[in-house]
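Reading the structure
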Amino acid sequence: MGFPDLDRFDQAILSILSEDGRISVADLARQIGLSKSPTQARLKRLEAEGIITGYRAMLDPIRLGLDHVAFVEVRLTDTREKALAEFNAAVRRIAEIEQAHMIASNFDYLLKVRTGSMSEYRAVLAEKISSLPHVANTSTFVAMEAVKEVGLPGPVGT
């Protein structure tokens, strides 16, 4: 996957950071073949331009007891902009919703919901998701195993 506005150094920075967000600037510079100052300047520019949006720890949800994943199709009663904005804002407030995507299909949204158990999921569905603004109905699909879960693929470019 290439990004035409980024040169090979920027792409290398993104690729390395996607694998190791805690790498020092000195080590990053060494790996991409630049000195520390231009590497730092590129890193700051990528952050300022919003290409790098932040850094975070990757947590293992299974070890945290959050091994129940459900995908929920949501159909809305109203899909005008105001209704969509209200739904989107309410979704952002539900911690158990890990991802939410507006879908071009016979339903309106696909939610990825992570909880500790089926009973916890049922409570989230009944008390939170079903009461979201403009929800007409939902359909749930329970994941049995995560085969692949990653962010952007690396290496970037090439």
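An account of the accompanying structure is given in this report. Everything numeric here is computed off the predicted structure, so don't read it as measured data.

All right, on to the overall build of the protein then. Counting its regular elements, the protein contains five helices and four strands. Moving toward the C terminus, one meets the helices and strands of the protein in the order α-α-α-β-α-β-β-α-β. Taken over the C-alpha trace, the protein has a radius of gyration of 20 Å; the compact-globule value for 158 residues is 15 Å, which it surpasses by more than 25%. Dimensions of the protein along its principal axes, counting C-alpha atoms only, are 55 × 40 × 25 Å. Here the protein, with 158 residues, has 33% of them falling under the buried criterion.

On to the pairing of strand E1 (residues 68-76), then. Where burial is concerned, most of E1 is hidden: seven out of the nine residues are buried. Sheet topology places E1 next to strand E3 (residues 109-115); seven bridges connect them, and they run antiparallel. Each bridged residue has a counterpart across the sheet, and for Val-72 the counterpart in E3 is Leu-111. Note: E1 against strand E4 (residues 135-142), seven bridges, orientation antiparallel. Bridge pairing links Ala-70 to Val-142 in E4.

The next point concerns the nonpolar core. Judged by nonpolar contacts, the single largest core of 19 residues is most densely connected at Val-74, Phe-87, Leu-111, Val-113, Ile-129 and Leu-132. Secondary-structure elements contributing two or more residues to this core are E1, helix H4 (81-92), E3 and helix H5 (118-129). When near neighbours in sequence (up to four residues on either side) are disregarded, Leu-132 contacts Phe-87, Ala-90, Val-91 and Ile-94. Among the nonpolar cores identified, the runner-up in size contains 13 residues, and Leu-6, Leu-28, Leu-43 and Ile-52 belong to it.

Moving on to helix H1 (residues 8-19). For H1, spanning 12 residues, the distance from its first C-alpha to its last is 17 Å, which sits close to the expected 16 Å at 1.5 Å a residue. Of the residues making up H1, those classed as buried are Phe-9, Asp-10, Gln-11, Ile-13, Leu-14, Ser-15, Ile-16 and Leu-17. Buried residues in H1 make contact with helix H2 (25-32) and helix H3 (36-48). Capping of H1 at its N-terminal end is provided by Asp-7; its side-chain oxygen lies 3.0 Å from the backbone amide nitrogen of Phe-9.

Parameters and conventions
- Residues numbered from 1 in each chain as written.
- Predicted model: local features only at pLDDT ≥ 70, side-chain atom pairs only at ≥ 80, totals over all residues.
- Heavy atoms only, no water.
- Helix = DSSP H or I, 4+ residues; strand = E, 2+ residues; numbered from the N terminus.
- Rg over C-alpha atoms; globule rule 2.2 N^0.38 Å.
- Buried < 20%, exposed > 50% of the residue type's maximum accessible area, 1.4 Å probe, protein only.
- Pairing = 2+ DSSP bridges.
- Core = buried A, V, L, I, M, F, W, Y, C linked by side-chain atoms within 4.5 Å.
- Contact = heavy atoms within 4.5 Å.
- Expected span 1.5 Å × (residues − 1).
- Polar contact = N/O pair within 3.5 Å; in protein donor to acceptor, adjacent residues only side chain to side chain.

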